[in-house]
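# Secondary and tertiary structure notes
If you want the building blocks of each chain, they are given just below.
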Amino acid sequence: KLTNHQQEALDYILDYINNKNDPGPILLHGVTGSGKTEVYFQAMEKVLSYDKSVIFLVPEISLTSQISERMIARFGQESVGLWHSSLSMGERLDIWKKIHSGEIKIVLGARSAIFAPVRNLGLIILDEEHESAYKQDTPSPRYNAREVAFERAKRYGAKVILGSATPDLSTYYKAKNQGNILTLPNRIEERPMAEVSLIDMKLELESGNKSILSRKLSFEIQEVINKKHQVIILINRRGYTTYVFCRACGYVAECKNCSIPLIYHFSSEELRCHYCNHKQHTYNICPECSSPHIKHYGTGTQRVEQEIKRKFPVYNILRLDSDITTKKNAHYDVIESFSKGEADILIGTQMVAKGLDLHNVTLVGVLASDSSFTFPDYRSMERGFQLLTQVAGRSGRGEAPGKVIFQCYSPHLYPIACAQKQDYYSFYSMEIYEREKYNYPPFSQLIRIILTSEDPDKTFIESLKLTEYLNKSLEEHLEKIEILGPSECIIPRIQNRFRMQILIKNMISSHGHSLIISLMKNYQPKEIKIIIDVDPLNML
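Everything quoted here is computed from the prediction, not taken from an experiment.

Definitions and limits used
Residues numbered from 1 in each chain as written. Predicted model: local features only at pLDDT ≥ 70, side-chain atom pairs only at ≥ 80, totals over all residues. Heavy atoms only, no water. Helix = DSSP H or I, 4+ residues; strand = E, 2+ residues; numbered from the N terminus. Rg over C-alpha atoms; globule rule 2.2 N^0.38 Å. Buried < 20%, exposed > 50% of the residue type's maximum accessible area, 1.4 Å probe, protein only. Contact = heavy atoms within 4.5 Å. Areas by Shrake-Rupley, 256 points an atom, 1.4 Å probe, with all protein chains shown as cover. Lys, Arg positive; Asp, Glu negative; His and termini not counted. Charge placed at Lys NZ, Arg CZ, Asp CG, Glu CD. Pairing = 2+ DSSP bridges. Axes fitted to C-alpha atoms, helices over the stretch in contact; angles between N-to-C directions. Parallel < 35°, antiparallel > 145°, perpendicular 65-115°, else oblique. Left-handed = near helix turned anticlockwise from the far one by under 90°. Salt bridge = Lys/Arg side-chain N within 4 Å of Asp/Glu carboxyl O. Core = buried A, V, L, I, M, F, W, Y, C linked by side-chain atoms within 4.5 Å. Phe/Tyr/Trp six-rings, centres within 6.5 Å; stacked < 30°, edge-to-face > 60°. 1 Å grid on protein atoms, 1.4 Å probe; cavity = no way out; pocket = protein on both sides within 12 Å on 5 of 7 lines; lining within 4 Å. Points joined across faces, edges and corners; volume = space filled by probe spheres on them. Nonpolar A, V, L, I, M, F, W, Y, C, P; charged D, E, K, R; others polar. Patch = residues over 30% accessible without salt bridge, like charges linked within 9 Å, V, L, I, M, F, W, Y side chains within 5 Å. Expected span 1.5 Å × (residues − 1). Polar contact = N/O pair within 3.5 Å; in protein donor to acceptor, adjacent residues only side chain to side chain.

## Here we look at the overall build of the chain
Helix and strand content of the chain: 15 helices and 22 strands. The C-alpha atoms of the chain give 24 Å as radius of gyration, which agrees with the globular expectation for 540 residues (24 Å, within 12%). Burial status across the chain gives 54% buried among its 540 residues. A separation of at least 24 residues holds for 73% of the contacts in the chain among residues at least 6 apart in sequence. Carbon together with sulfur atoms contributes 49% to the accessible area of the chain, which is approximately 24,700 Å² in total. One way to put it: in the chain the 66 positive side-chain charges average out to a point 2 Å from where the 63 negative ones average out.

## Concerning the sheet that holds strand 21 (residues 497-506)
Picture the strands of a sheet paired through backbone hydrogen bonds; they go either parallel or antiparallel. On the basis of which strands lie adjacent, the open sheet formed by four strands has the order 20-21-19-22 and antiparallel pairing. Because the sheet does not close on itself, it has two edges, and the strands there are strand 20 (481-494) and strand 22 (529-534). When the angles between neighbouring strand axes are averaged without regard to direction, this sheet yields 20°. Pairing between strand 19 (residues 445-453) and strand 22: six bridges, direction antiparallel. Following the sheet pairing, Ile-450 is matched in strand 22 by Ile-531. Contacts from helix 14 (residues 456-473) reach strand 19, strand 20, strand 21 and strand 22, with the element oriented near 15° to strand 21.

## What to know about the packing of helix 2 (residues 36-49) against helix 3 (residues 64-75)
Between helix 2 and helix 3, the shortest axis-to-axis distance is 12 Å and the interhelical angle comes to 40°. Comparing their axes, helix 3 and helix 2 come out oblique. For the element pair helix 2 and helix 3, the recorded crossing hand is right-handed. Between helix 2, through Thr-37, Glu-38, Phe-41, Gln-42, Met-44, Glu-45 and Leu-48, and helix 3, the contact on the second element is made entirely by Ile-67, Arg-70, Met-71, Arg-74 and Phe-75.

## Regarding the pattern of salt bridges
Enumeration according to the criterion identifies 23 salt bridges in this entry. Note that Glu-220 is salt-bridged to Lys-403, the shortest N-O span being 3.3 Å. Of the two residues, Glu-220 is situated in helix 8 (residues 215-226) and Lys-403 in strand 18 (residues 403-408); the sequence distance between them amounts to 183 residues. You can call Glu-220 buried: its relative accessible area is 6%. Judged by its relative accessible area of 34%, Lys-403 is partly exposed. Across the pair Arg-383 and Asp-377 runs a salt bridge whose closest N-O atoms are separated by 3.2 Å. Since its relative accessible area comes to 22%, Arg-383 is described here as partly exposed. Owing to a relative accessible area of 8%, Asp-377 belongs among the buried residues under this scheme. Overlapping salt bridges bring together Glu-38, Glu-45 and Arg-74 as one network.

## Comments concerning the nonpolar core
Met-44, Phe-56, Met-71, Ile-124 and Phe-406 are the most contacted members of the largest nonpolar core, which totals 93 residues. Once residues lying within four places of it in the same chain are set aside, the contact partners of Ile-124 are Ile-55, Ile-114, Ala-149, Arg-152, Ala-153, Lys-159, Val-160 and Ile-161. One finds Ile-199, Val-231, Tyr-315 and Leu-363 within the second-largest nonpolar core, a separate group that totals 21 residues.

## Overview of the packing of aromatic side chains
If you walk through the whole model with that rule in mind, you get 15 aromatic pairs. When the centroid spacing of 5.5 Å and the interplanar angle of 85° are considered together, the rings of Tyr-40 and Phe-56 count as edge-to-face. Here the residue Tyr-40 occupies a position in helix 2, and Phe-56 occupies one in strand 2 (residues 53-57), the gap between them amounting to 16 residues. The same class applies to Tyr-40 as to Phe-56, namely buried.

## Topic: the layout of surface pockets
A probe matching the size of a water molecule, rolled over the atoms, marks out where space remains unfilled. Considered as a void within the structure, the second largest pocket measures approximately 1,200 Å³ in volume. Lining the second largest pocket are 45 residues, with Glu-147, Phe-150, Lys-174, Gln-445 and Asp-535 sitting closest to its centre. Of the residues forming the lining of the second largest pocket, the biggest block, seven residues, is contributed by helix 5 (residues 145-156). Classifying every residue of the lining of the second largest pocket by side-chain character gives 22 nonpolar, eleven polar and twelve charged.

## Details of the sheet that holds strand 13 (residues 279-281)
One open sheet accounts for three strands, arranged 11-12-13; its pairing is antiparallel. What marks the edges here is a single partner per strand, and that holds for strand 11 (263-265) and strand 13. Within this sheet the neighbouring strands show an average axis-to-axis angle of 35°, counted without direction. Across three bridges, the pairing between strand 12 (residues 270-272) and strand 13 is antiparallel. Of the residues in strand 13, the one forming a bridge with Leu-271 is Gln-280.

## Observations regarding a nonpolar patch on the surface
On the surface, Phe-460, Ile-461 and Leu-464 cluster together into a nonpolar patch covering about 270 Å² of accessible area. Assignment of secondary structure puts Ile-461 in helix 14.

## As for the pairing of strand 2
Among the five residues in strand 2, five count as buried, and that is most of the element. Side-chain alternation along strand 2 places Ser-53, Ile-55 and Leu-57 on one buried face and Val-54 and Phe-56 on a second face that is also buried. The sheet contact formed by strand 2 and strand 5 (residues 121-127) spans five bridges and is parallel. Its bridge partner lying in strand 5, Val-54 is registered against Leu-123. Pairing geometry for strand 2 and strand 4 (residues 106-109), over four bridges, is parallel. Residue pairing for strand 4: Val-54 is matched across the bridge by Ile-106.

## Re helix 13 (residues 424-437)
Between its first and last C-alpha atoms helix 13 spans 20 Å; for 14 residues at 1.5 Å apiece the expected length is 20 Å, and the two agree. The inward-facing, buried residues of helix 13 abut strand 1 (26-30), helix 6 (169-178), helix 11 (380-392) and helix 12 (414-421). Capping of helix 13 at its N-terminal end is provided by Asp-423; its side-chain oxygen lies 3.3 Å from the backbone amide nitrogen of Tyr-425. Asn-439 occupies a position one or two residues after helix 13 and carries a positive phi of about 55°.

## Notes on the side chain of Lys-505
Of note, Lys-505 is situated in strand 21. Although Lys-505 is buried, it makes no salt bridge; Glu-482 carries the closest opposite charge, 4.1 Å away. A distance of 2.7 Å separates a polar side-chain atom of Lys-505 from the backbone oxygen of Tyr-438. Apart from the residues lying within four places of it in its own chain, the contact partners of Lys-505 are Tyr-438, Asn-439, Tyr-440, Ser-444, Gln-445, Leu-446, Lys-480, Ile-481, Glu-482 and Leu-484.

That is the geometry; function is a separate question.
Below, the structure written as structure tokens:
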């Protein structure tokens, strides 16, 4: 049985589905645990009754395991096809044939599922629409599944529903202006939102606690597991990864191909680059000064796992991160095991913040809650707020109330305060003001041009030439097109190729975009590779 808010949202969506005119995509903005999935399912039932098909997108493969079980139970095994990058070529071919023939009416998958050859497309749903995983950064084509969804819907007369507790600011801004926002302000069965506490880790250190876990978080873990409930620990990855650092001379082990530190992996005792996959043995002696004072600096998931096992040796602990999920179906196995109660604590990176519906989780702890906000990207505040709000929503989704603990060093930051209250509207009001002030999306379209080559001087000189060419060619539009740069990319060298970037803010929409792309087609320097990324989400 739907709540009043769910029923109102569904009634609006059904009218929208039956409306031959296209008023634009619908945004279903519901707090975590408000029952968005049930609204999706009842909308899907209506579309299927018209003998039309549905594409249902989720941002991560790891999320498909839970929702696929519910979808198959609801609509039948034969009607649902899973589509994602972990499928073998043979599995893809079998599913592709069933989708193409119309045997499969519902396609569930990550971003590439948007291209599934469904018959008679009627509805596209993007759950957790704010997630950057919907954008493919590399290799080409650099598409955003959300934009492809809009285009497919337009071509086939289908409808689009976007859903999130923390919508992308640009999505919310556009939907608000079009009057296409539906709101689910409460959790189902009037369950309370989780109680969120902030712990200032500076004060923990001053009091003599050098552990990665605050005293309150350690206490609450013990209390929760004594009650036979479960715990999720999120490691906010940025600035919290393990590097090899010499305390005598300051040497940091870097990749020989890329200008970034190598990451230490405890299980294999090796240093690894996550960009080019270069691997080497770790150091016991500093290669620069021969000092034995070499230290593993930082705290990755494996280190946190070791620390928690040391503190709570009798508890069962699972880890969910990119190292674990390299094995086929490993993410399904971890989540299924945890959902069955076979482990007390789940430790992970951002994967554990996204869409998991585990009713026995009553405590979420976040390590380094504020590390996202220092990243040099105009979206860093938004991404940090979304991550904290989403992971807070994993706690207290069952009958027992939930608690959340944010450990941080800067508790005064406004995104943390908004995430503590799970107050999207306050965050949106403050952040949209900053975006307008500096002409960032949704008040402009960003186009990022990256130049790379094996010669740093050629890359730099060519970036200057390209900037001059763009300024001269766009001279009469410079009031509405802002050209920033050239500058080094945040990671200036990857796989022995040096990288410069030019960032363009286009304030004249499609005309400006077409103009810039046509100019770039006429500019093809030798020995320099040029990458054009429209609406970039990754500024590295």
